Amino acid sequence: MTDQPAETPPEPDTEITASVTVTGSQAALLRDLAAVLGRTPEALAIEWAAGALRIPPASVGETVPPDDWGLFDGPADLSAHAHELLREELGR
């Protein structure tokens, strides 16, 4: 055995830079959502790209049932008929 010092692993980089580009209707939705939440569209775009923020592929009520987007945060029976009621209202 030799008295050589153990190799130390290289220090990890302390900085990570990421870039996300969102266009079209999803960009518009992120801008609107950011305005409502008081956050930046860039922060929401990063969350969306990471999978932490779910955006429906179309407007709520068109191809995505409203109850599938988590509009209700309460008891399960609260949203039992919400999809039907919203569809009726959107159809007027």
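If you're wondering where the values come from, they're calculated on a predicted model, not measured in any experiment.

Draft legend 1. Layout of the overall build of the chain. Across its full length, the chain carries three helices and zero strands. Its helices and strands in sequence order give the chain the pattern α-α-α, from N to C terminus. Here the chain holds 92 residues, and 15% of them are scored as buried. If you sum the accessible surface of the chain, you get close to 7800 Å²; carbon and sulfur atoms cover 54% of it.

Draft legend 2. Quick peek at the nonpolar core. One finds V22, A27, L30, A34, L44, A45, L53 and I55 forming the largest nonpolar core, which totals eight residues. Those elements giving two or more residues to this core turn out to be α1 (24–37) and α2 (41–50). In terms of residues, this core owes the most to one element, α1, which gives three residues. When neighbours within four sequence positions are excluded, V22 is seen to be in contact with A27, L30, A45 and W48.

Draft legend 3. Local environment of the environment of P56. Tracing the sequence through the fold places P56 in the loop between α2 and α3 (82–90). Taking the C-alpha atoms as reference points, P56 and L29, separated by 27 residues in sequence, lie 9.7 Å from one another.

Draft legend 4. Just the confidence of the model for the chain, in detail. Mean pLDDT over the chain stands at 75; residues scoring 70 or higher make up 62%. Here α3 is the element of the chain with the lowest mean pLDDT, 71, and α2 is the one with the highest, 92.

What counts as what
- Residues numbered from 1 in each chain as written.
- Predicted model: local features only at pLDDT ≥ 70, side-chain atom pairs only at ≥ 80, totals over all residues.
- Heavy atoms only, no water.
- Helix = DSSP H or I, 4+ residues; strand = E, 2+ residues; numbered from the N terminus.
- Buried < 20%, exposed > 50% of the residue type's maximum accessible area, 1.4 Å probe, protein only.
- Areas by Shrake-Rupley, 256 points an atom, 1.4 Å probe, with all protein chains shown as cover.
- Core = buried A, V, L, I, M, F, W, Y, C linked by side-chain atoms within 4.5 Å.
- Contact = heavy atoms within 4.5 Å.
- pLDDT = per-residue confidence, 0-100.

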